[in-house]
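Coordinate analysis (summary)
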Amino acid sequence: MAEAVRHSLETGQHLAVQAGTGTGKSLAYLVPAIRHAVEQDTTVVVSTATIALQRQLIDRDLPRLAGALTSSLGRAPVFAILKGRRNYLCLLRAQGDAPAEPEDTLFDPAATSVTGRP
């Protein structure tokens, strides 16, 4: 999987991988992603479906990998967590003036928010 992720990062090709729980998927995509980000002096975004996986990556996987890879990469990788819009308070919603968000549709480029803006 790590080799497939590396190849995908280098070529820009899409990649979908499936593997069971506990097989090391996080490490298999994080190691080539970190290497790519450091070598290309760019940012890599890892999007997760759950807050639990975000916490695992930030609290456990990324700090360990940063420490383990720093000497071979020549510098320490930098990482941060950014949470989706559902994790922040909207002033309109706090005041009770905003209608409920429509159900999200994955990969729908025409989807807009309740305000009509993308």
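Report on the accompanying structure. (Residues numbered from 1 in each chain as written. Predicted model: local features only at pLDDT ≥ 70, side-chain atom pairs only at ≥ 80, totals over all residues. Heavy atoms only, no water.)

Moving on, we get to the overall build of the chain. Looking only at helices and strands, the chain features 4 helices and 0 strands. N-terminal to C-terminal, the α/β element order of the chain is α-α-α-α. Looking at the chain as a whole, 19% of its 118 residues are labelled buried. Within the chain, contacts between residues at least 6 apart in sequence are counted, and of these 48% link residues at least 24 apart. Carbon and sulfur atoms make up 56% of the accessible area of the chain, which amounts to about 9000 Å² in all. (Helix = DSSP H or I, 4+ residues; strand = E, 2+ residues; numbered from the N terminus. Buried < 20%, exposed > 50% of the residue type's maximum accessible area, 1.4 Å probe, protein only. Contact = heavy atoms within 4.5 Å. Areas by Shrake-Rupley, 256 points an atom, 1.4 Å probe, with all protein chains shown as cover.)

Trans peptide bonds make up the majority, and among non-glycine residues the majority have a negative phi. One non-glycine residue, D41, lies in positive phi territory at about 50 degrees. Within the element layout of this structure, D41 appears in the loop between α2 (25-40) and α3 (51-73). Judged by relative accessible area, which is 66%, D41 ranks as exposed.

With that settled, the discussion passes to the nonpolar core. Of all hydrophobic cores here, the largest spans 10 residues; its members are V5, Y29, L30, I34, V38, L57, I58, L62, L65 and L69. Listing elements by their share of this core, those giving two or more residues are α2 and α3. No other element matches α3, which puts 5 residues into this core. Leave out the neighbours within four places in its chain, and V38 touches L73, R75 and P77. (Core = buried A, V, L, I, M, F, W, Y, C linked by side-chain atoms within 4.5 Å.)

Turning our attention to α2. Between its terminal C-alpha atoms α2 stretches 23 Å, which fits the 22 Å expected from 16 residues at 1.5 Å a residue. Among the residues of α2, those classed as buried are S26, A28, Y29, L30, P32, A33, I34, A37 and V38. Packing partners of the buried residues in α2 comprise α1 (2-11) and α3. (Expected span 1.5 Å × (residues − 1).)

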